[in-house]
Amino acid sequence: MALKFHWFLPTNGGDGRHVVGGGHGLAPGGSGRPADVAYLTQVARAAEDNGFTAALTPTGAWCEDAWLSTAMLSQTSQRLKFLVAFRPGLVSPFLAAQMAGTFQNMTEGRLLLNVVTGGESHEQRMYGDHLDKDARYARCDEFLEIVRRLWAGETVDFHGEHLHVDAATLGQIPDPVPEIYFGGSSPAAGIVAARHADVYLTWGEPPDAVAAKIAWIRGLAAEQGRTIRFGIRMHTITRDTAAEAWAEADRLLAGIDPATIAKVQQGLRQSESEGQRRMLDLHRGRTDDLEIHPNVWAGVGLVRGGAGTALVGSHEQVADRIAEYASLGIEEFVLSAYPHLEGAYWFGEGVLPILAERGLWKDERPRRRQHATMPFATAGRAVR
């Protein structure tokens, strides 16, 4: 099984040599590198140069718009695909299908879609969306049914509880149809994932919890007569030695003020997200017991909403943990680091070659021209 690896574009307030927060209504905090086209281009080019397939771009009031950002970056990169996060219900299903078709066709197939049903209710209301969580999932189900049918070239008449379209025919059929990535830990999320997702994404929990979630979604999908691939979203701190990696984790933790941790944890405890609750339960706001599984560190989640765990260790150890998750059924890894630019090289140059040697990853980058070497001692006749 050849695994796929994706990177992350830090449009959520910027990037830096510390943990940058953001999401779930929390301020992203200070950072040294802005989320502008020049820097994000460096990150995107580093990702594609190191063999990553795509880059996830977040969505929400706390980050730059994912559609516009990635449309710009598609013109400053060459091969990298973009896993664009978007929220159904904030635009009409026909417009979303049209936008995806335009993006896919104008970038020659570089679009993947991460469907995010909604943030917190107070954030959704900022966008004019006043549905509760369960209603948002019900609307998402209708939304994806309409979009899928439009992409299939159908003329769609649909009158649902939340969405209505009449005689809708799409001119911008995407080629290929972008795959849909979907996450969520609530019962309502599982039903929608089973019906529509190509790839189900989970945040990085210990392997036993991930295995249980895979079994849950796989069973729901089977009831729909479907099969789904699985992916995981984590951070990485990988170095030449385990000591160096854990020293970096300690440095990141030392840069976090305890008062900030308490404030962020208080805010995150108010989240409606079941996945966020599971992240918080991994560390319980404490800093003294953060290695929740060998080489899996929950320190990022102390001050960051969403994905809160990191793979920490030597390149060999991180490769071992990836192989462990792959043995459960995880086929795609959406990764990041602080900073994202250097992190792409640490992982791409350190871990991916090990996985390639083990037959777990295939390097699909264009073959690079090698310069011939000519030692001076044997190069022709010596000059006297």
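The structure under discussion appears in the preceding block.
Quick caveat: nothing in here was measured; it's all calculated off a predicted structure.

The number of helices and strands found in the protein is 13 helices and 14 strands. In summary, the protein has a C-alpha radius of gyration of 22 Å against a globular reference of 21 Å for 384 residues, a match within 12%. With the C-alpha coordinates aligned to their principal axes, the bounding extent of the protein is approximately 90 × 50 × 40 Å. Put simply, the protein has 384 residues, and 54% of those count as buried. Considering only intrachain contacts with a sequence separation of at least 6, the fraction spanning at least 24 residues in the protein is 74%. Distance between charge centres in the protein, computed from 38 positive and 46 negative side chains, equals 6 Å.

Turning our eyes to something else, we now look at the pattern of salt bridges. Under the defined criterion, the tally for this structure stands at 23 salt bridges. Here Glu145 makes a salt bridge to Arg195, at a shortest N to O gap of 3.8 Å. Placement of Glu145 in helix H5 (residues 133–151) and of Arg195 in helix H6 (residues 187–196) is noted, with a sequence separation of 50 residues between them. Accessibility expressed as a relative area gives 27% for Glu145, which makes it partly exposed. Look at Arg195 and you get partly exposed, because its relative accessible area is 30%. Among the salt bridges present, the one from Arg278 reaches Glu205, with a minimum N-O distance of 3.0 Å. Taken together, the residues span a long stretch of sequence, with Arg278 in helix H10 (residues 274–283) and Glu205 in the loop between strand S8 (199–203) and helix H7 (207–223) at a distance of 73 residues.

Procedures and definitions
- Each chain has its residues counted from 1, running along the sequence as written.
- In keeping with the model being predicted, local features are shown solely for residues with a pLDDT of at least 70 and side-chain atom pairs are shown and tallied solely at 80 or more, while totals for entire chains, interfaces and linings include all residues.
- Computation of side-chain values covers all heavy atoms of the structure but excludes hydrogens and water.
- Under the DSSP-based scheme used, a helix requires at least four consecutive residues in state H or I and a strand at least two consecutive residues in state E, with every element numbered from the N terminus.
- The globule rule used for comparison is 2.2 Å times the number of residues to the exponent 0.38, while the radius of gyration itself is calculated over C-alpha atoms.
- Here's how the labels work: a residue is buried when its accessible area is under 20% of the maximum for its type, exposed when over 50%, partly exposed in between, all with a 1.4 Å probe on protein chains only.
- Residues are treated as being in contact if the distance between any of their heavy atoms lies within 4.5 Å.
- The charge count includes Lys and Arg as positive and Asp and Glu as negative, but it does not include His or the ends of the chains.
- The location of each charge is read from NZ of Lys, CZ of Arg, CG of Asp or CD of Glu.
- Salt bridges, as used here, are contacts in which a Lys or Arg side-chain nitrogen is within 4 Å of a carboxyl oxygen on Asp or Glu.

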